[in-house]
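# Observations on the three-dimensional arrangement
Residues per chain are reported as follows:
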Amino acid sequence: MRLMPGSNSSTLCLLGVLFLLPGPANLLGCNSPPQIAHGHYKDVSGLLSISTVVQYECKEGYVLVGAAMVSCRFSYWSSSAPQCKALCAKPKILNGKLSVEKDQYINPETITVLCDPGYRMIGSQKISCSENKSWSPAVPKCKQDIPEDRDLVLAGRKLFQCLPNPGDSKVALELQKLSLQIEKLKQDRDKAKLI
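The following paragraphs examine the structure supplied in this document. Note that the structure is predicted; figures quoted are calculated from it, not measured. (Residues numbered from 1 in each chain as written. Predicted model: local features only at pLDDT ≥ 70, side-chain atom pairs only at ≥ 80, totals over all residues. Heavy atoms only, no water.)

Turning our eyes to something else, we now look at the overall build of the protein. A count of helical and extended segments in the protein gives four helices and 13 strands. Counting all 195 residues of the protein, 21% fall into the buried class. Considering only residue pairs separated by 6 or more positions, the protein has 34% of its internal contacts joining residues 24 or more positions apart. (Helix = DSSP H or I, 4+ residues; strand = E, 2+ residues; numbered from the N terminus. Buried < 20%, exposed > 50% of the residue type's maximum accessible area, 1.4 Å probe, protein only. Contact = heavy atoms within 4.5 Å.)

Shown next, in the form of C-alpha cells:
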C-alpha cells in the first residue's frame, strides 16, 4: 500500500514511529528510580534520548555518596541509587587536638580526641558523626589536670617564693626529690614484707 501525502495512513505511520521512539523509564521497562533519604532526583534526559537519566541531589548539610547520575537502558538502571550522608562540623577542642583534622566529617566517620599534656579527658575519647549531623557521644572537654597532691604543690610554690636566691631553690628541690625517693623505698620495703 502506497502512502499519499496528506492521507490518514501517513498520520498513523507517524504515530507508530513516535510510539517506537524511546520514552520515559516506565516505557523502557525500568521501575521508577528509588527515593533517597535527605535527597531527591530529577529527570535530566534529553528529549530524544535513548535512555532515561536521573540526577540525585542532597539537602543542605548532606553530601552525596555514590554516582550522582543513573540511567535506565534496556530495562536496567546503570547503578544503584546514591546515598545522602550527614555532614558534621569540625568539633572545637580547647587544650587538645583531633586525630584527623578536616573542616567537615561524613557520617559515620569516627575521630579520636587527644588532650594536650597536663590536661585530662572529660567524656569519651572517640566520637562519631551521626545521622542527625551531630557528634555522638558528645564532644569531650580537656580540663587541666590538677595533681592529687595539690596542697603539697601549692606549699612548694610558697616555699620557693620565700627563698632568697635560685641556688637555695635548687637545694630545696634536691631535698624534696630525696624525700620522695626515701618514701618510695619505704613503700617498696613494706610491700616486700607482705609477700
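Next comes the rest of the write-up.
What follows concerns the sheet that holds strand 5 (residues 76–77). Consider a sheet: its strands pair through backbone hydrogen bonds, and that pairing is either parallel or antiparallel. Strand order in this open sheet of four strands is 1-2-4-5, and the pairing throughout is antiparallel. Strands with a single pairing partner mark the edges of an open sheet, and in this sheet they are strand 1 (39–43) and strand 5. Across five bridges, the pairing between strand 1 and strand 2 (residues 52–58) is antiparallel. Directly across from G39, in strand 2, lies its bridge partner C58. (Pairing = 2+ DSSP bridges.)

Attention now moves to the nonpolar core. Core analysis: the largest hydrophobic core is formed by 10 residues, namely C88, I93, L98, Y105, I111, V113, I127, C129, W135 and C142. Broken down by secondary-structure element, the contributors of at least two residues to this core are strand 9 (110–115) and strand 11 (126–129). When neighbours within four sequence positions are excluded, I93 is seen to be in contact with L98, V113, V139, P140 and C142. I36, V54, V70 and A86 belong to the second largest nonpolar core, which has seven residues in total. (Core = buried A, V, L, I, M, F, W, Y, C linked by side-chain atoms within 4.5 Å.)

Once that is clear, we can look at the side chain of N107. Along the chain, N107 turns up in the loop between strand 8 (104–106) and strand 9. If we skip the residues at most four places from it in the chain, N107 touches K85, A86, C129, S130 and E131.

For the coordinates displayed, the defined rule picks out two aromatic pairs. Look at Y105 and W135: their rings are 5.4 Å apart centre to centre, the planes differ by 70°, and that puts the pair in the edge-to-face class. One end of the pair, Y105, is in strand 8; the other, W135, is in strand 12 (residues 135–136), and 30 residues separate them in sequence. Across the pair, W135 and Y105 agree in class, each one buried. (Phe/Tyr/Trp six-rings, centres within 6.5 Å; stacked < 30°, edge-to-face > 60°.)

Taken together, four strands build an open sheet; the order of strands is 7-9-11-12 and the sheet is antiparallel. Only two strands of the sheet have a single partner each, and these edge strands are strand 7 (96–98) and strand 12. Summarising the sheet, strand 7 and strand 9 pair through three bridges and their orientation is antiparallel. Looking at the pairing, K97 lines up with L114 of strand 9.

Right, let's talk about the pattern of salt bridges for a bit. Scanning the model with the defined rule gives five salt bridges in all. For E101, the salt bridge goes to K90, with nearest N and O atoms at 2.6 Å. Within this pair, whereas E101 is found in the loop between strand 7 and strand 8, its partner K90 is found in the loop between strand 6 (83–89) and strand 7, the two being separated by 11 residues in sequence. With relative accessibility at 45%, the residue E101 sits in the partly exposed group. Look at K90 and you get partly exposed, because its relative accessible area is 37%. (Salt bridge = Lys/Arg side-chain N within 4 Å of Asp/Glu carboxyl O.)

A separate point is the side chain of T112. Along the chain, T112 falls in strand 9. Apart from residues lying up to four places away in sequence, T112 is in contact with K97, L98, S99, Q125 and K126.

Looking now at unusual backbone geometry. Geometrically, the link from N107 to P108 is a cis peptide bond, its omega value of 10° lying close to zero. Residue placement: P108 occurs in the loop between strand 8 and strand 9. The linkage connecting S136 with the following residue, P137, adopts the cis geometry, with an omega of -15°. Mapping P137 onto the fold places it in the loop between strand 12 and strand 13 (141–144). With a phi angle near 75°, S75 is a residue other than glycine that sits in the positive phi range. Locating S75 in the fold gives a position in the loop between strand 4 (69–73) and strand 5. Accessibility expressed as a relative area gives 38% for S75, which makes it partly exposed. A positive phi angle, near 65°, is found at N95, a position not held by glycine. Tracing the sequence through the fold places N95 in the loop between strand 6 and strand 7. In this structure N95 comes out as partly exposed when scored by relative accessible area, which is 33%.

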